[in-house]
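Residue-level listing of the chains:
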Amino acid sequence: MPELTEVEDYRRVLLLLKAENSKAQKEEPKEERKRGRRSRRTSNASTISENNSTSTLIIETPSPTPPKNFPSKSELALLKKCHVTDVERKGKLLRVLLQQPNKDEIHYMYIAMGMTGRISSKEYIPTLESLTNDTEFPPPHTHMIMKSGENIIGFSDSRRFGGISFGDPYEKQWNEFATDAMDPSASLENCVGQKKTIKGLLLDQRFAVSGIGNWIADEMLYQSEVHPDQAFLTKQEVTSLEKSLVHILHTGNECLMNGKEFPADWLFHRRWSKAKAKAPKDHNDKTVKFINSGGRTAAFVPTIQKLKKRKAPADKDSTGENIEKKGSRSSKRKKSS
């Protein structure tokens, strides 16, 4: 499944269709294009046409079996009259802003990746752990191709759990999602002292932040030395998780933009070894184990991520600071005074 860093990468690919970018982008040096499929990013968007500033989209729907959530004929007709003004992301949901020439109204087209959704171009076909490495564009199971000037972008999804819509269900999800995990204002403060286990809270797109998926949650917990099933987290533990999240997202984006692998000491490289007979080891040669946590498979290292027995705080919060119980005599005296 594509995670937040990959979906942010897809957003940058879709920006190739943005009409306003045509004059701002410059020709990519040829040596950049030779570095491989994973190195094609927004910074080297050389295929944007200089005549793209007013062009409307050309749409193809080559798949005879599109996903359940897919534009109707009337919505496809509208799409062909529009050009792209921007591409936004909230969590792992993309939103393409569309506008007809000489009209002020903005139309929103939502794109969800599901388990195997991908956004590709001729120069860049992203890889997923669950899919084979495709080398030809469009990749198999491409349901929509969007053309603007010389730029050609495709949406593919082999399992069809993702989709494209101009409204619900994705519009509702967009409005209900918590603050995006990459937003500077994103905070996990709500996770302090919660009875629900931390892995479940991190995967809940509506609770604290949106966009954290399974491997990112596992990586955060591993780097912060927190057990996936830990409840009643302290403020210090949550602060550590916030720092890990920022580091993982920043490093992940940098790696994807530059065609590099994630750091060798990340748990990411070991968590795909569940099916192997021999238990994988982390970079310090500690055993990696797998449990079900938060409704998903969680990879963790039990020798450093120890589950701590804790009870719901009584007259102390989970930060260790004294607080008054609701309805206590002291609080009533304060109210009366």
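- Under an unreviewed UniProt entry, the name given to the protein is Formamidopyrimidine-DNA glycosylase catalytic domain-containing protein, and the organism recorded is Chaetoceros tenuissimus.
- Entered under Catalytic activity (unreviewed entry) in the UniProt record, the comment concerning the protein runs "Hydrolysis of DNA containing ring-opened 7-methylguanine residues, releasing 2,6-diamino-4-hydroxy-5-(N-methyl)formamidopyrimidine."
- One UniProt comment on the protein, placed under Sequence similarities (unreviewed entry), says "Belongs to the FPG family."

**Focus: the sheet that holds strand β8 (residues 163–165)**
- With antiparallel pairing, the 4 strands of this open sheet are ordered in space as β2-β3-β4-β8. Only two strands of the sheet have a single partner each, and these edge strands are β2 (83–90) and β8. Averaged over all neighbouring strand pairs, the angle between strand axes comes to 20 degrees, with direction disregarded.
- As paired strands, strand β4 (residues 106–112) and β8 are joined by 3 bridges and run antiparallel to one another. Bridge pairing in β8 places Ala112 opposite Gly163.
- Of the strands in this sheet, β2, β3 (93–99) and β4 touch helix α1 (residues 4–14), which is tilted by about 170 degrees from β2.

**Some remarks on the pairing of strand β6 (residues 142–148)**
- Of all 7 residues in β6, 6 are buried; the element is thus mostly enclosed.
- Note that β6 and strand β7 (residues 151–157) share 6 bridges and pair antiparallel. Residue pairing for β7: Met146 is matched across the bridge by Ile153.

**Points about the sheet that holds β6**
- Judged by pairing direction, the sheet is antiparallel, and its 4 strands sit side by side in the order β1-β6-β7-β5 without closing on themselves. Every interior strand has two partners, whereas the edge strands, β1 (58–60) and β5 (117–121), have only one. For this sheet, the mean inter-axis angle between neighbouring strands, taken without regard to orientation, is 15 degrees.
- Where β1 and β6 come together, 3 bridges link them in antiparallel fashion. Residue Ile59 lies in a different strand from β6, and its bridge partner there is Met146.
- Packed onto the sheet, α1 meets β5, β6 and β7 and runs at close to 35 degrees relative to β5.

**Considerations on the layout of surface pockets**
- By volume, the second largest pocket amounts to about 380 Å³.
- As for the second largest pocket, its lining consists of 21 residues, of which Met1, Lys92, Gly114, Gln173 and Phe177 are closest to the centre.
- Of the residues in the lining of the second largest pocket, the class split is 12 nonpolar, 7 polar and 2 charged.

**Topic: the side chain of Glu3**
- You can see Glu3 is positioned in the segment before α1.
- Ignoring anything within four residues of it in the chain, the contact list for Glu3 reads Lys92, Gly213, Asn214, Trp215 and Ile216.

Here is what the cut-offs are and how they apply
- For every chain, the first residue of the written sequence is number 1, and numbering continues from 1 along that sequence.
- At least 70 in pLDDT is required for a residue's local features to be given in this predicted model, at least 80 for side-chain atom pairs to be given and counted, and no such filter applies to totals for whole chains, interfaces and linings, which use all residues.
- Hydrogens and water molecules were not included; the side-chain quantities draw on all heavy atoms of the structure.
- UniProt positions are given in the numbering used here, feature names are shortened, and annotations may be inferred rather than shown by experiment.
- Two strands qualify as a pair provided that DSSP identifies no fewer than 2 bridges between them.
- Under the DSSP-based scheme used, a helix requires at least four consecutive residues in state H or I and a strand at least two consecutive residues in state E, with every element numbered from the N terminus.
- Throughout, an axis means a line fitted to C-alpha atoms (over the contacting stretch in the case of helices), and angles, computed between N-to-C directions, take values from 0 to 180 degrees.
- In this description, contact between two residues means that some pair of their heavy atoms is separated by no more than 4.5 Å.
- Using a 1.4 Å probe on the protein chains alone, a residue whose accessible area is under 20% of its type maximum counts as buried, one over 50% counts as exposed, and one in between counts as partly exposed.
- A cavity here means a set of points on a 1 Å grid, drawn over the protein atoms and nothing else, where a 1.4 Å probe fits but cannot get out; a pocket is an open set with protein on both sides within 12 Å along at least five of seven lines, and a residue lines either one if it has an atom within 4 Å of a point.
- Grid points are joined across faces, edges and corners, and a volume is the space filled by probe spheres set on the points.
- Gly is put with the polar residues, along with every residue not named as nonpolar or charged; the nonpolar set is Ala, Val, Leu, Ile, Met, Phe, Trp, Tyr, Cys and Pro, and the charged set is Asp, Glu, Lys and Arg.

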